[in-house]
Amino acid sequence: MITMNLLLFFILGLLVHFVFFVSIFDIYFTSPLVHGMTPQFTPLPPPARRLVLFVADGLRADSLYELDENGTSRAPFIRNIIMHKGSWGISHTRVPTESRPGHVALIAGFYEDVSAVAKGWKENPVEFDSLFNESKYTWSWGSPDILPMFAKGASGDHVYTHCYTTEKEDFGAQDAAWLDTWVFDQVKDFFHSAKSNQSLFSKLNEEKIVLFLHLLGIDTNGHAHRPSSREYKDNIRKVDNGVKEIVSLLENFYENDGKTAFLITSDHGMTDWGSHGAGHASETLTPLVSWGAGIRYPQQVSTQLFDDEFLEEWQLEKWKRQDVNQADIAPLMASLIGVPFPVNSVGILPLDYLNNSDLFKAESMFTNAIQILEQFKIKMTQKKEVTLPFLFTPFKLLSDSKQLEILRKIRSYLNQKKYQEVISLCKELIHLALKGLSYYHTYDRFFLGISIVMGFIGWISFATIMIIKSHSSMTRSISKDGKKPHHLLPCSFVVIGVLIAVFLLIQACPWTYYIYCLLPVPIWYAVLKEFQVIQDLITSLLTFSGRRSVVFLLVFALGVEILVLSFFYRYMLTAGLIAFAGWPFFTQLWIQAKMTSLSWTLFSLLLAMFPLLPVLGREPNITLVTGAGLLIFLISLSSFVYLWKSKNKYIYEDLPVYLCQMVGVLTSTYIVNSTHSSLLQKQGLPQINQIISWTILASSLVVPLLSPTIVFQRLLSILLSLMSTYLLLSTGYEALFPFVLSCLMLVWIYVEQETLQQSGISCTQKLTSISFAYNINITQFRQLHLDDIRRSFFFVFFIVTAFFGTGNIASINSFDPSSVYCFLTVFSPFMMGSLMMWKILIPFVLVMCAFEAIQVTTQLSSKSLFLIVLVISDIMALHFFFLVKDYGSWLDIGTSISHYVIVMCMTIFLLLLSGLAQLLTAKKVKLWGRTKPHFM
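This is a predicted model, so every value here is computed, not measured. (Residues numbered from 1 in each chain as written. Predicted model: local features only at pLDDT ≥ 70, side-chain atom pairs only at ≥ 80, totals over all residues. Heavy atoms only, no water.)

Draft legend 1. Broad picture of the overall build of the protein chain. A count of helices and strands for the protein chain gives 36 helices and eight strands. Here the contacts in the protein chain between residues at least 6 apart in sequence split such that 80% fall between residues at least 24 apart. By element, 62% of the accessible surface of the protein chain is carried by carbon and sulfur atoms, the whole surface being about 39,600 Å². (Helix = DSSP H or I, 4+ residues; strand = E, 2+ residues; numbered from the N terminus. Contact = heavy atoms within 4.5 Å. Areas by Shrake-Rupley, 256 points an atom, 1.4 Å probe, with all protein chains shown as cover.)

Draft legend 2. Looking closely at the sheet that holds strand 2 (residues 86-92). Overall, mixed pairing links the eight strands, which are arranged 4-3-5-1-6-7-2-8 in an open sheet. At either margin of the open sheet sits one strand with a lone partner, and together these are strand 4 (159-163) and strand 8 (324-325). Bridge count between strand 1 (residues 50-56) and strand 5 (residues 209-215): seven bridges; the pairing is parallel. Pairing of valine 55 across the sheet is with histidine 214, part of strand 5. Helix-sheet contacts for helix 3 (residues 76-84) involve strand 2, strand 6 (260-265) and strand 7 (285-292), and the interaxial angle to strand 7 is about 65°. Of the strands in this sheet, strand 3 (137-142), strand 4 and strand 5 touch helix 7 (residues 178-194), which is tilted by about 150° from strand 5. (Pairing = 2+ DSSP bridges. Axes fitted to C-alpha atoms, helices over the stretch in contact; angles between N-to-C directions.)

Draft legend 3. Inspection of the pairing of strand 3 at higher detail. For strand 3, the tally of buried residues reaches six of six residues, placing the bulk of the element in the interior. On strand 3, burial covers both faces: Tyr137, Trp139 and Trp141 on one face and Thr138, Ser140 and Gly142 on the other are all buried. Of the pairings in the sheet, the one linking strand 3 to strand 5 comprises five bridges and is parallel in character. In the sheet register, serine 140 faces strand 5, and the bridge partner there is phenylalanine 212. Bridge count between strand 3 and strand 4: five bridges; the pairing is parallel. The residue bridging glycine 142 from the neighbouring strand is cysteine 163, located in strand 4. (Buried < 20%, exposed > 50% of the residue type's maximum accessible area, 1.4 Å probe, protein only.)

Draft legend 4. Molecular detail of the pattern of salt bridges. All told, the structure shown has 17 salt bridges when counted by the stated rule. With its nearest N and O atoms 3.3 Å apart, the salt bridge here joins lysine 136 to glutamate 206. Placement of the pair is lysine 136 in the loop between helix 5 (131-134) and strand 3 and glutamate 206 in the loop between helix 8 (198-204) and strand 5, with a sequence separation of 70 residues. Owing to a relative accessible area of 27%, glutamate 206 belongs among the partly exposed residues under this scheme. In this structure, arginine 230 engages glutamate 231 in a salt bridge whose closest nitrogen and oxygen atoms are separated by 3.7 Å. The network of salt bridges with shared partners includes Asp68, Arg230, Glu231, Asp234 and Arg237. (Salt bridge = Lys/Arg side-chain N within 4 Å of Asp/Glu carboxyl O.)

Draft legend 5. Representation of the packing of aromatic side chains in the model. On inspection of all chains with the given rule, the structure shows 57 aromatic pairs. Judged by centre distance (4.6 Å) and plane angle (45°), the ring pair of phenylalanine 567 and phenylalanine 880 falls under tilted. Within this pair, whereas phenylalanine 567 is found in the loop between helix 22 (547-566) and helix 23 (571-582), its partner phenylalanine 880 is found in helix 34 (residues 862-881), the two being separated by 313 residues in sequence. One exposure class covers both phenylalanine 567 and phenylalanine 880, and it is buried. Arranged with centres 6.5 Å apart and planes meeting at 80°, the rings of phenylalanine 580 and phenylalanine 793 form a pair that is edge-to-face. Linking phenylalanine 580 in helix 23 with phenylalanine 793 in helix 31 (residues 786-804), this pair joins segments that are 213 residues apart in sequence. Per residue, the accessibility class of phenylalanine 580 equals that of phenylalanine 793, and both read buried. Ring pairs connect the aromatic residues Phe580, Trp583, Trp600, Trp748, Phe793, Phe794, Phe795, Phe797, Phe798 and Phe851, which therefore count as one cluster. Between arginine 321 and the ring centre of phenylalanine 306, over which it is positioned, the NZ or CZ distance is 3.9 Å. (Phe/Tyr/Trp six-rings, centres within 6.5 Å; stacked < 30°, edge-to-face > 60°. Lys NZ or Arg CZ within 6 Å of the ring centre and 35° of its normal.)

Draft legend 6. Highlighting a nonpolar patch on the surface. Taken together, the side chains of Leu565, Phe568, Tyr569, Tyr571, Leu612, Phe882 and Leu883 define a hydrophobic patch exposed on the protein surface, amounting to about 720 Å² of accessible area. Position of leucine 565 relative to the elements: it lies in helix 22. Residue classification places leucine 565 among the partly exposed positions, given a relative accessible area of 36%. (Patch = residues over 30% accessible without salt bridge, like charges linked within 9 Å, V, L, I, M, F, W, Y side chains within 5 Å.)

Draft legend 7. Region of the structure containing helix 19 (residues 511-518). Among all positions of helix 19, only Thr512, Tyr513, Tyr516 and Cys517 are buried. Seen along its axis, helix 19 keeps its buried residues to an arc of 125°; they face one direction. (Arc of directions from axis to C-beta.)

Draft legend 8. Up close: the side chain of glutamine 40. By the element assignment, glutamine 40 lies in the loop between helix 1 (2-27) and strand 1. A polar atom in the side chain of glutamine 40 sits 3.1 Å from the backbone oxygen of threonine 38. Excluding anything up to four places from it in sequence, glutamine 40 contacts Pro340, Phe341, Thr367, Ile370, Gln371 and Glu374. (Polar contact = N/O pair within 3.5 Å; in protein donor to acceptor, adjacent residues only side chain to side chain.)

Draft legend 9. Looking closely at the nonpolar core. Counting 140 residues, the largest nonpolar core has Trp600, Phe798 and Met876 as the members making the most contacts within it. Look past the residues within four positions of phenylalanine 798 in its chain and what remains in contact with it is Leu577, Phe580, Trp600, Leu744, Met745, Trp748 and Val847. One finds Ile107, Phe212, Met365 and Leu398 within the second-largest nonpolar core, a separate group that totals 69 residues. (Core = buried A, V, L, I, M, F, W, Y, C linked by side-chain atoms within 4.5 Å.)

Draft legend 10. Geometry of the environment of leucine 841. Within the secondary structure, leucine 841 is located in helix 33 (residues 829-858). Among the residues examined, leucine 841 registers a relative accessible area of 15% and is labelled buried. In sequence terms leucine 841 and leucine 913 are 72 residues apart; their C-alpha atoms lie 9.3 Å from each other.

Draft legend 11. Quick peek at helix 29 (residues 711-728). Taking 1.5 Å per residue, 18 residues should reach 26 Å; helix 29 reaches 26 Å between its end C-alpha atoms and fits that length. When you tally the buried positions in helix 29, you get 17 out of 18 residues, the bulk of the element. (Expected span 1.5 Å × (residues − 1).)

Draft legend 12. Quick look at the state of the cysteines. Evaluated as defined, the whole model comprises zero disulfides. Cysteine 517 takes part in no disulfide bond, and the closest cysteine sulfur, belonging to cysteine 509, lies 7.2 Å away. (Disulfide = S-S within 2.5 Å.)

Draft legend 13. Inspection of the confidence of the model for the protein chain at higher detail. The share of residues in the protein chain with pLDDT of 70 or more is 84%, and the mean pLDDT across the chain is 83. Confidence over residues 477-482 falls short of pLDDT 50; this stretch has five contacts with residues more than four positions distant or in other chains. Across residues 929-936 the pLDDT falls below 50, and counting only partners more than four positions away or on other chains, this stretch makes 13 contacts in the model. (pLDDT = per-residue confidence, 0-100.)

Draft legend 14. Layout of unusual backbone geometry. If you check the backbone angles, glutamate 255 has positive phi at about 55° while not being a glycine. Secondary-structure assignment places glutamate 255 in the loop between helix 10 (230-253) and strand 6. Under the relative-accessibility criterion, glutamate 255 is labelled exposed at 68%. We note that glutamine 315 has phi near 55°; this positive angle belongs to a residue other than glycine. Turning to its location among the elements, glutamine 315 is positioned in the loop between helix 12 (310-314) and strand 8.

Draft legend 15. A look at the environment of asparagine 221. Residue position: asparagine 221 is located in helix 9 (residues 217-225). The class for asparagine 221 is buried, based on a relative accessible area of 1%. When the C-alpha atoms of asparagine 221 and alanine 177 are compared, they prove to be 7.4 Å apart, with 44 residues separating the residues in sequence. Every residue in contact with asparagine 221, bar those within four places of it in the chain, is listed here: Asp175, Ala176, Ala177, Arg226, Glu231, Tyr232 and Asn235.

Draft legend 16. Seen up close, the packing of helix 3 against helix 10. Viewed as axis vectors pointing N to C, helix 3 and helix 10 meet at an angle of 65°, and their least axial separation amounts to 7 Å. Between helix 3 and helix 10, the residues in contact are Pro76, Phe77 and Ile78 and Asp240, Val243, Lys244 and Val247, respectively. The residue makeup of the contact of helix 3 with helix 10, split by class, is five nonpolar, no polar and two charged. (Nonpolar A, V, L, I, M, F, W, Y, C, P; charged D, E, K, R; others polar.)

Draft legend 17. Highlighting the packing of helix 15 (residues 400-415) against helix 16 (residues 419-441). Contact geometry for helix 15 and helix 16: axes closest at 8 Å, N-to-C directions at 160°. The angle between helix 15 and helix 16 falls in the class roughly antiparallel. Taken as a pair, helix 15 and helix 16 cross one another with a handedness that is left-handed. Contacts between helix 15 and helix 16 involve Lys402, Ile406, Leu407, Lys409, Ile410, Tyr413 and Leu414 from the former and Tyr419, Glu421, Val422, Leu425, Cys426, Glu428, Leu429 and Leu432 from the latter. Of the residues that constitute the contact of helix 15 with helix 16, the class distribution is 11 nonpolar, no polar and four charged. (Parallel < 35°, antiparallel > 145°, perpendicular 65-115°, else oblique. Left-handed = near helix turned anticlockwise from the far one by under 90°.)

Take a look at the structure:
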């Protein structure tokens, strides 16, 4: 019965937390896109018949514009364009500075909605319009990760793609510049074949066509060798030369008809250490150079007003720089070839780039304004239709009368040929419409947020009551056959639930809204049903005078706040670990076990160093990885010698297992060095290294099951197996982190055994004689003490430290592939992400295994542990619920999601990884013979 109730409680908790988790995607991350707009285009003849778009993936603005050490440009052809033929500037990307959102902003004119956060590199997380879709024909060449999403998002079959295979995107290749050479060669062959293919020749001579060249080599070389490398800079020279050849080819093909517009830019930049994704200037500042039909010629000026010093550094201060936002490029391209602006575009046409009449500029700007206003109208109509009239609050800055007034003035000015006034009014209308779009997009956020917060507070209260009722003596005065709640209580909650459901039904809300709004009703009923427990608790607290306990709870509350702050400021983990280091000296532990206390202090201080070390921007340091491997080997060797001399009865039987694991550590150390050396020599990833790496990874969770279940031996075996994998995924100091963490975990087991004896609880068995397979009888479970709250807090703190000790979450967001080079070098975001996630989880598993040992030695009920950790994690989750962002950098957005997801999934991780930890610690498998039965 107890087991069944426990199982039901766990299932209920998982369901509730799953709802809390999913709610952020309806509250913060719904798609801002709307459908049903009418395409808008300028009624005047366009200046160009065709557009050529070059996107140099991962190209930084400074890398293209600056002069090299000899005072010459890396891109002489493009620099000549800037000085003699076209317009130039910086395209300011809005992060996420990743390939997919960058290309969506360039080609579709809107910034990738944050709902795509969990959908990665999928082709069409949401349906959207694009420049390619509006064109007569589009031909594209380049990466299979980018081109298909615009082809499959287009109506009809007028978008053609030519891609190389994904296997070609190899970070370990000799030189990734050949990816760009492949694109240029394909374009040359394409136009050569068009001369003998009448159908293709006819299509190429149509108007409103787009040629898209996606050049991935610079990005790949930047990841593999860093932007300061010779490979990255040489790749820029090759791209410049390739662009020159393609321009010459097209001018010859079209017989210099002057109807081709050219544009070269980048989807994002890159940091000095070869990553992107966040909001650093090196990632968000990308080049934009345009020339040809409809583009203004260079303008020489004497002064330019920019806050930065780039113009002097690049020696371009004489040529007018015209910066744009990345989404502004889509309406610019649409205007040049006369196609409708992409209906979801939020870009503002950069008029300074256009070489055309004032009438054309005014009409184009008017088209831009109407296109964005259409989105605003659809969004407002959709929200108005599902909101009760007396509850609907319109966006007052752009009321219907205000719209009519602005549109009337614009048309009047057009008739009077007051084009500058038209442009000014159109810009005002665009800014108001964009504000209105944001207003209606977040219209329900407050309402849903209140519902989730009520659910959170109710669940925390319910879990706290369960702890007090079932695992403490504070409510022992309550009689088991106490008075049942009055029948008005359930009736009242039924009425409240019906009223909420009717309200949602009238407003035609999505079905998920019913879950979010109705969930707090049964939770709060369960809380108030225990009014006798609440009453008894209040009475106990009013008569309570234990100063020690009050201080303890205040320290606990401070500790939870430190945990929350540590998610934003990693040095708070250092502060917490330093406090941990001094903790034994304020307790009886120092008097009773000096050596254990000193060990605890030493390893706490060592672990406190890691959060102070840099997360990103560090160069690989294979020497530290090698040192970590050798240190692990020496520790395992000395442990093996100790067990051998102590004549441990298991050591002879399990000798092959320990030897195999020690060899595995040495092998991993060698593989890391060998792979790093091979990549430096441009020889790629050796196949034998790859095979061995995957073999070690696959065996890391199996080999520990062959060792004995005695606490020390099994924990040592788990550490050796997991460290073999962790070494393969390491590039620097983080290789030492699991080792130091494991040492502290081992000392923690001894510490908790000592503190348990101080509490007067018998603990006759020594740690060396306790087996993980020891079956604790339910009658041996004890009631909770204040020390158990501390144990639970320590556990949560170490879990958070395992996540953020080396900043691995940030590495996931920046998606630096260098950590997985021992396993693969071909670009595969999901496989790379999975390997990085396993790297993050390895310290987590080590903490879980240590806590399994503590649970066995302290006779702590798993349910009481779960409830305490649940309360701690939910208090933290409530903090992060208010801190989730849907704006800012990809790193900021991803980090805020990660924070919320981590604490919301704490219970899921505890259940799943607790099961994995039990498997790793308590199960033993024999390859030969009969396995002795063990009981959990």
